[in-house]
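# Examination of the molecular architecture
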Amino acid sequence: LGRIEAPAPDTIAFYLKEPSAAFIEALSADIVPSKGLFAGRRTGERPIGTGPFRFARYVPDEKIELQAFPRYFGGKPSYDNLIFRILPEETVRILELESGGIHFIQNAFTPDLLPRFEANPRLRIKAKEGTNFTYIGFNLSDPIISRIKVRRAIAHAIDRRSIILHILKGLATEADSLLPGSHWAHGKGLPRFEHNPELAARLLDEAGLPDPDGGGPRPRFSLVYKTSQNELRRRIATVIAGQLKKVGIEVKVRSYEWGTFFGDIRNGNFQIYSLTWVGISDPDIYRHIFHSKFVPPNGLNRGGYSNEEVDTLVEGARGFSDPSLRAPLYNKIQKILANELPYVNLWHSVNVAVLDRRIIGYRVYPNEDLISLAWAQLRAPQEKVD
């Protein structure tokens, strides 16, 4: 960013040092004062922003209370108060929802509970295919993981369809790219790496990692798979470990509290791990994740991926504002990444909101945005709701 000018009361001009097609998308982020997010005598006393609600009160480990902001540019919300209750335990969240103690949850439950919600006449379910992208990341400096045939073998050994069906209960769609299929920059004709244990075993043989005892208990090699302590994440990691074991890869699952886990990932202290990119919109994210100059601490290229052609393509795509000019470049990028596999693409999540049946007007967004809460309404008990 070069400089910012305000030539008129209703006009703002941004002067950039270089072209950035993603700049307009970045402007959708919240605006906060130059002195910080908080106002008041004590740090954190009154966080402020520009949304349809303003901060009222925070009770630590209990709730956050918001009040409608009547001067919001999009119009005053439909009701005066919005309370977010802090309920870390899933069992408590579910019981509160079923008893009417809370009116709404989104994605804050394990998929096994979906049939229970569907059978409850007091509740309704709204779902939308999302942009959140779950993947397995590799440390490409690792002497085993650096072999491309090992990464391809892992991709073919994982049965994503089974995990989506039996663990995620269908609340995901298989991914062949960071971008969902509906995205304007999604590449066409990308390989999907279907579940094929026999091919995975052959690739490992070709990588110089033969089975030492011909299908016996001894593994070809061992890997450490890092994940968080989230119960669903641990279940998925355990299943993936079992699938890789069938082709001779021993996987040791290690789960950590979030701060420790994420610190290890940012610092490159891993062999393989799984995470989710949330709220993907502009494809310029490829530059942040895969450009060689963005290896930590300079960016998000945590696996240390490096490809000069990808660097050139992501920089070139950033210089066009016309999607029809950007899309072919991102198509090439996705094909290169699908061939070299710095990630194994797993799935895109389906966002699911479970609401009190009296709530109307709430919309589920692909990026999990909750903005439509401002204009939802809770009908009185005597009113009929379709």
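Keep in mind the model is a prediction, meaning the values are calculated, not measured.

Rules used in this analysis
Residues numbered from 1 in each chain as written. Predicted model: local features only at pLDDT ≥ 70, side-chain atom pairs only at ≥ 80, totals over all residues. Heavy atoms only, no water. Helix = DSSP H or I, 4+ residues; strand = E, 2+ residues; numbered from the N terminus. Contact = heavy atoms within 4.5 Å. Polar contact = N/O pair within 3.5 Å; in protein donor to acceptor, adjacent residues only side chain to side chain. Buried < 20%, exposed > 50% of the residue type's maximum accessible area, 1.4 Å probe, protein only. Pairing = 2+ DSSP bridges. Expected span 1.5 Å × (residues − 1). Axes fitted to C-alpha atoms, helices over the stretch in contact; angles between N-to-C directions. 1 Å grid on protein atoms, 1.4 Å probe; cavity = no way out; pocket = protein on both sides within 12 Å on 5 of 7 lines; lining within 4 Å. Points joined across faces, edges and corners; volume = space filled by probe spheres on them. Nonpolar A, V, L, I, M, F, W, Y, C, P; charged D, E, K, R; others polar.

What follows deals with the environment of Asp159. As for its placement among the helices and strands, Asp159 is situated in the loop between α4 (148-157) and α5 (160-166). Discounting residues that sit within four places of it in the chain, Asp159 has contacts with His195 and Gln243. At a separation of 3.2 Å, a polar atom in the side chain of Asp159 contacts the main-chain amide nitrogen of Ser162.

A few words now on unusual backbone geometry. Look at the link from Pro296 to Pro297: it is a cis peptide, with omega at 10°. Even without glycine at this site, Asp61 takes up a positive phi of about 65°. By the secondary structure assignment, Asp61 is in the loop between β5 (53-59) and β6 (63-68). Residue Asp61 is classed as exposed on the basis of its relative accessible area, which comes to 68%.

Another point: the pairing of β6. Looking down a regular strand, the side chains alternate between one sheet face and the other. Here β5 pairs with β6 via 6 bridges, running antiparallel. Across the sheet, residue Arg57 finds its bridge partner in β6, namely Glu65. Pairing geometry for β6 and strand β7 (residues 81-85), over 5 bridges, is antiparallel. Counterpart to Ile64 in the pairing with β7 is Phe84.

Turning our attention to the side chain of Asn301. Looking at where Asn301 falls in the secondary structure, it is placed in the loop between α9 (285-290) and α10 (308-318). Among the polar contacts made by the side chain of Asn301, one reaches the main-chain carbonyl oxygen of Tyr305 at a distance of 2.7 Å. In this view, Asn301 contacts His288, Ile289, Phe290, His291, Ser292, Phe294, Val295 and Pro296; residues no more than four positions away in its chain are not counted.

This part takes up helix α11 (residues 323-340). Over its 18 residues, α11 runs 25 Å from end to end, which matches the ideal 26 Å to within 8%, given 1.5 Å per residue. Within α11, the full set of buried residues consists of Arg326, Ala327, Leu329, Tyr330, Asn331, Ile333, Gln334, Ile336, Leu337 and Ala338. Looking at the packing, one finds that the buried side of α11 touches α9 and α10. A positive phi of about 55° marks Leu341, the residue just after α11.

A few words on the sheet that holds β6. Taken in spatial order, the 3 strands line up as β5-β6-β7 in an open sheet, and their pairing is antiparallel. A strand with exactly one partner marks an edge of an open sheet, and here the two such strands are β5 and β7. Adjacent strand axes in the sheet meet at a mean angle of 20°, parallel and antiparallel pairs treated alike.

Before going further, it helps to examine empty space enclosed by the protein. Inspection of the entire model under this criterion finds 3 cavities of 30 Å³ or more. Roughly 120 Å³ of volume is contained in the largest cavity. The wall of the largest cavity is formed by 14 residues, among which Ser177, Leu178, Leu337, Ala338 and Asn345 lie closest to the centre. Mapped by element, the contributors of at least two residues to the lining of the largest cavity are α9, α11 and β14 (343-356). Counting residues per element, the lining of the largest cavity draws most heavily on α11, which supplies 3 residues. Considered class by class, the residues forming the lining of the largest cavity number 10 nonpolar, 3 polar and 1 charged. Of the pockets and cavities examined, the second largest cavity occupies roughly 70 Å³. When residues in the lining of the second largest cavity are grouped by element, the largest group, 3 residues, is from β14. Class assignment of the residues belonging to the lining of the second largest cavity gives a composition of 7 nonpolar, 1 polar and 3 charged.

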